[in-house]
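# Inside the fold
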Amino acid sequence: MAGSGVWAFAQPFSIQVIGLHALTGFIFIAVIGLHIANNFVPLKKYFKNRVVWLVIAITIALGALFYIQPPPIKAVLGLSGNLGPALDRFEMTEEGMKYDYVPSSSYKLSLDIRTGSTYSLENPPRLAVWLENQSFYHIKTLYASEAEDAKGMLPYWAFKVKGWEQAKEEAEKKGLDLNETVDAVSGATENGSFDPADYILPGETNSSMPYRVMIEINQPDDSSKKLKDQPSLIYQVEVDNYDPLAFQLLELVGYPAKEMNEENEEEWAIYYVDERFGSAMSLINSALLTIDRSP
Amino acid sequence: MFLTCKENLFFNHATLMADKKRAIADRRHFLQSSVLGAAGVGLAVSSSSSVAVAKTDEATIKPEVTNEVDVLVVGGGTAGTIAAIQAGRAGAKTLLVERNFQLGGATTTGGVAFPGLFDAWGKQVIAGIGWELVKESVELDGGKLPDFAKVPRSHWMNQVHVNQFVYAILAEEKCRDADVEIAYYEFPEAVVKTDAGWQVDCIGFGTRRRVKCKQIIDCTGGAEVVGMLGFERLREEERQPGSYLFQLGSSHDPASKQLHRLYVHGADSTNSRTATLANLTGRQSILAKVRKDKKRLMHLQPETGFRESYRIKGETLITVQDYTSGKLFDDAVSHAFYPVDLHTKTGVRPKPLKRGTVPSIPLGALVPKGSRNLIVAGRCVSSDRLANSGLRVQASCMGMGQAAAAAATLAVQGNTTPSEVPLAKIHGLLKKHGAIIPGKA
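Residues numbered from 1 in each chain as written. Chains lettered and ligands numbered in written order. Predicted model: local features only at pLDDT ≥ 70, side-chain atom pairs only at ≥ 80, totals over all residues. Heavy atoms only, no water.

## Focus on the environment of Asp 119 of chain B
Residues and elements named next belong to chain B. As for its placement among the helices and strands, Asp 119 is situated in strand E6 (residues 119-120). Taking the C-alpha atoms as reference, Asp 119 lies 32 Å from Ser 250; in sequence the two are 131 residues apart. With near-sequence residues (within four places) excluded, Asp 119 lies in contact with Gln 124, Val 125, Phe 148, Asn 158 and Phe 337. (Helix = DSSP H or I, 4+ residues; strand = E, 2+ residues; numbered from the N terminus. Contact = heavy atoms within 4.5 Å.)

So, in structure tokens, the structure goes:
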């Protein structure tokens, strides 16, 4: 169980790891029950010892700290990108894909992607779902196809992840807070936080920052009349907890294209879709984001 | 008839509120007289705490310069510059009166040298003379124009960065080429209706100018001429903050690097007193920052960039529903495109328009209700506050300036008033000068 716990800390959003950890947890509880039943008389003697009560008190105090999550504890949890008792679930059906994310009982996020007429179940398209902060930095990948060619097929998502990892690396090297090292794209927008919890579960709704849910989808070898292989398409929606909406449809933004920026560095930009696109436009019928926020 | 008054100038809120009340009373007084004047006329500001200025009719109306023109453009800012060039190019004898020392307004004097937005959803929606000026400024400065086929990550990324100095001089050149006469350091003191149109007395230091014109285009930002004439204007109790632009620490690199900025809360361009207060407050805050950051002040714009003051009550009022739904008005003359962008004390949360939405501006929103031979352009467009927070940006104001001038010029030629000019004629003239007409692309 300790092993699966460490694994879950590093990979908190993997359903396999969480499932394994939950299973070992049940086994652990069963073993404890057997242990108590087997050693009931000697265990009673333990409670006469003050040290045992001290251990119990420390355990309760630590439990309360992790439940309340004051800033130092939150910082420790933040190292894993975890949001506390978060659980996510990705499900693929004939109708499409459903991603559920429940970071707390009062905040349930669900992304329902319905497949379109050109979606192939035999050779499903590559797909990535991620969150970006208000300065357009990747802050968390919610889902990415496990196929080996996913990064190449989903270049915009890969570019965003790379940018985020570079920023993290630079921050670690300099020993600075990430927000201090990554320049805002413009004076018009301050750098957003890089902690997903600040967006998804803001402590103060009035000071909450908007974030974007992004999808990149690409069907391999899908030609159109004017394109040998249609590039991936990007959909997005902006979520603003300050002005909360229960249902939001993701909108088609465009397709990514590689270019050189003013510093002569390679980057990916999004361009409006034009008449050259055909079947790629029908990979997704619609993508609905539902957020249930209970008070 | 002119007012005589005493005024103590103290820069505190209480005094300003009292001034506002007095100004309202003054305006009521004016409206009873045959000669209409600005609420602030006769008030004087000096370093002494109390100044009395007495005027006689004779002293006031004796001009040193007289002009007889077809179109008088008041205000040489974002909209006024374009309006003057359009009127001149369309053959109207045009005079442009500007109270400051250069053209461009918010783009140059305010330092908001990144006009936008000219595009929406991958296509250019505002072009014409404003775009021509912006494009040439960028090209002359060796800059780069945004690629409108590219999706901006955020709305402001397709603002066009111009060199404010180049822009101002190029605007003057284009006015000169269009035979537009420019009168800096002057502003209207009194406006009288005549059989042929208007008689406008302007004042500048050492200059009293009498202008006889057929049409007035009010591009003052706060619809000052409209207010002088007693037409209804709209204003909120609270103004959006202004922005004072400056550069601390490193040198200002025009058109490639954005300046630093700070909010000037309560910044109000309603009159010279409130504008003075805004500038004093803004500069004092910058000085405090210089002291705190211990960095050199490398650049400072001459004045605060103001976001709102008065808006006209026009024949048509653009509501935020009209704006966000992209309503195509029957008498649409230009486009607008920007999120609903209301700045508050705590900042701004722009509300982007829904995909595909491109708002339009009707001619009726440029015509003060019940007026003749008078039209406005710019941020004083007839609109509710939220719609105005999106309409007030530079590209939209340029589009309005060109449309207002086309209507005014055609009104001169047809001996009528702008709202009675056939819409097809306005569209035709605008198209001829490169503008994009809503619904006609």
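On we go.
## Observations concerning the sheet that holds strand E10 (residues 266-271) of chain A
All names here are of chain A. In space, the 6 strands of this open sheet follow the order E5-E4-E6-E7-E9-E10, with antiparallel pairing throughout. Strands at the two margins of the open sheet, each flanked by one partner only, are strand E5 (138-144) and E10. Sheet twist, expressed as the average angle between the axes of neighbouring strands with direction ignored, equals 30°. As defined by bridge partners, strand E7 (residues 233-239) adjoins strand E9 (residues 251-260) across 3 bridges and the pair is classed as antiparallel. Its bridge partner being in E9, Ile 234 is matched across the sheet by Gly 254. Sheet strands in contact with helix H7 (residues 155-174) are strand E4 (126-132), E5, strand E6 (211-218), E7, E9 and E10, and its direction is about 135° off that of E5. (Pairing = 2+ DSSP bridges. Axes fitted to C-alpha atoms, helices over the stretch in contact; angles between N-to-C directions.)

## Considerations on the packing of helix H3 (residues 78-89) of chain B against helix H10 (residues 394-413) of chain B
All names here are of chain B. Put simply, H3 and H10 touch, their axes get as near as 7 Å, and they point 35° apart. Like other packed secondary-structure pairs, H3 and H10 cross with a definite hand, here right-handed. Of H10, the residues touching H3 (which contributes Thr 78, Ala 79, Ile 82, Ala 83, Gln 86 and Ala 87) are Gln 394, Cys 397, Met 398, Gly 401, Gln 402, Ala 405, Ala 406 and Thr 409. A per-class count over the contact of H3 with H10 returns 8 nonpolar, 6 polar and no charged. (Left-handed = near helix turned anticlockwise from the far one by under 90°. Nonpolar A, V, L, I, M, F, W, Y, C, P; charged D, E, K, R; others polar.)

## Focus: the packing of H3 of chain B against helix H4 (residues 128-140) of chain B
All names here are of chain B. Contact geometry for H3 and H4: axes closest at 9 Å, N-to-C directions at 110°. Relative to H4, the element H3 is oriented roughly perpendicular. At the point where H3 passes H4, the crossing takes the right-handed sense. In contact with Thr 81, Ile 82, Ile 85, Gln 86 and Arg 89 of H3, H4 contributes Ile 129, Gly 130, Glu 132 and Leu 133. (Parallel < 35°, antiparallel > 145°, perpendicular 65-115°, else oblique.)

## As for the pattern of salt bridges
Residues and elements named next belong to chain B. Counted under the stated rule, the structure contains 28 salt bridges over all chains. Taking the shortest distance from any N to any O, the salt bridge between Lys 174 and Glu 132 comes out at 2.7 Å. One end of the pair, Lys 174, is in helix H5 (residues 164-177); the other, Glu 132, is in helix H4, with 42 residues separating them in the sequence. Under the relative-accessibility criterion, Glu 132 is labelled partly exposed at 21%. Arg 235 is the salt-bridge partner of Asp 268, the closest N and O atoms lying 3.5 Å from each other. Highlighted residues: Asp 268 in the loop between strand E14 (260-264) and helix H7 (272-293) and Arg 235 in the loop between strand E12 (233-234) and strand E13 (242-248), separated in sequence by 33 residues. The partly exposed category is assigned to Arg 235, whose relative accessible area is 26%. One network of salt bridges, with partners in common, ties together Arg 89, Glu 132, Glu 136 and Lys 174. (Salt bridge = Lys/Arg side-chain N within 4 Å of Asp/Glu carboxyl O. Buried < 20%, exposed > 50% of the residue type's maximum accessible area, 1.4 Å probe, protein only.)

## A look at a nonpolar patch on the surface
Residue and element names in this part refer to chain A. A contiguous nonpolar surface patch, about 570 Å² in accessible area, is contributed by Met 1, Phe 28, Ile 32, Ile 36, Phe 40 and Val 41. Elements with a contribution of two residues or more to the nonpolar patch: helix H2 (15-38) and helix H3 (40-46). The dominant element in the nonpolar patch, judged by the number of residues it contributes, is H2, at 3 residues. Topologically, Phe 28 is positioned in helix H2. (Patch = residues over 30% accessible without salt bridge, like charges linked within 9 Å, V, L, I, M, F, W, Y side chains within 5 Å. Areas by Shrake-Rupley, 256 points an atom, 1.4 Å probe, with all protein chains shown as cover.)

## Some details on the sheet that holds E14 of chain B
All names here are of chain B. The strand order across the open sheet formed by 3 strands is E14-E13-E15, and the pairing between neighbours is antiparallel. Looking at strand neighbours, the two that pair on one side only are E14 and strand E15 (297-300), the edges of this open sheet. The mean angle between the axes of side-by-side strands here comes to 35°, regardless of whether they run parallel or antiparallel. The sheet contact formed by E13 and E15 spans 3 bridges and is antiparallel. Bridging across to E15, Leu 248 finds its partner in Leu 297. Where H7 meets the sheet, it contacts E13, E14 and E15, and its direction lies at approximately 35° from that of E13.

## Digging into the environment of Lys 289 of chain B
All names here are of chain B. Turning to its location among the elements, Lys 289 is positioned in helix H7. Among the residues examined, Lys 289 registers a relative accessible area of 33% and is labelled partly exposed. The spacing of Lys 289 and Leu 248 is 41 residues in sequence and 8.8 Å in space, taken between C-alpha atoms. Not counting residues within four places of it along the chain, the set of residues in contact with Lys 289 comprises Phe 246, Leu 248 and Lys 294.

## Looking at empty space enclosed by the protein
Residues and elements named next belong to chain B. Tallying each qualifying case throughout the model produces 4 cavities of 30 Å³ or more. Reported here for the largest cavity is a volume of approximately 90 Å³. Around the largest cavity, the lining is made up of 13 residues, and of these Gly 111, Ala 113, Phe 114, His 252 and Lys 257 lie nearest the centre. Of the residues belonging to the lining of the largest cavity, the class tally is 7 nonpolar, 5 polar and 1 charged. Taken as a whole, the second largest cavity spans an internal volume of roughly 70 Å³. Contributing elements (two or more residues each) for the lining of the second largest cavity: strand E17 (332-335) and H10. In terms of residue count, H10 provides more of the lining of the second largest cavity than any other element does, 4 residues in total. When its residues are assigned to classes, the lining of the second largest cavity shows 9 nonpolar, 3 polar and no charged. (1 Å grid on protein atoms, 1.4 Å probe; cavity = no way out; pocket = protein on both sides within 12 Å on 5 of 7 lines; lining within 4 Å. Points joined across faces, edges and corners; volume = space filled by probe spheres on them.)

## Some thoughts on helix H11 (residues 423-432) of chain B
Residue and element names in this part refer to chain B. Within H11, the full set of buried residues consists of Ile 426, His 427, Leu 429 and Leu 430. The buried residues of H11 occupy an angular sector of 165° when projected down its axis, which confines them to one face. Facing away from the buried side of H11 by more than 90 degrees, the exposed set consists of Ala 424, Lys 425, Lys 431 and Lys 432. On its buried face, H11 sits against H3, E17 and H10. (Arc of directions from axis to C-beta.)

## Structural notes on the pairing of strand E10 (residues 198-204) of chain B
All names here are of chain B. Across the 7 residues that make up E10, a large majority, 7, are buried. Residues Trp 198, Val 200, Cys 202 and Gly 204 point to one face of E10 and Gln 199, Asp 201 and Ile 203 to the other, with burial holding for every one of them. Between the antiparallel neighbours strand E9 (residues 186-193) and E10 lie 4 residues, among them Gly 197 with a positive phi of about 155°. Where E10 lies against strand E11 (residues 207-218), 7 bridges are found, and the strand directions are antiparallel. Bridge assignment links Cys 202 to a residue of E11, and that residue is Arg 209. Where E10 folds back onto E11 in an antiparallel hairpin, the turn is made up of 2 residues, including Gly 206, whose phi is positive at roughly 75°.

## A few points about the nonpolar core
Formed by 77 residues in total, the largest nonpolar core has its most connected members in Phe 118, Ile 217, Ile 375 and Ile 426 of chain B. In terms of residue count, the dominant contributor to this core is H10 of chain B (13 residues). With sequence-adjacent residues up to four places away left out, Ile 375 of chain B is seen in contact with Ile 216, Ile 217, Asp 218, Leu 363, Leu 366, Val 367, Pro 368, Ala 404, Ala 407, Ala 408 and Pro 418 of chain B. Counting 38 residues, the second-largest nonpolar core is a separate cluster that includes Val 129, Val 213, Val 237 and Leu 252 of chain A. (Core = buried A, V, L, I, M, F, W, Y, C linked by side-chain atoms within 4.5 Å.)

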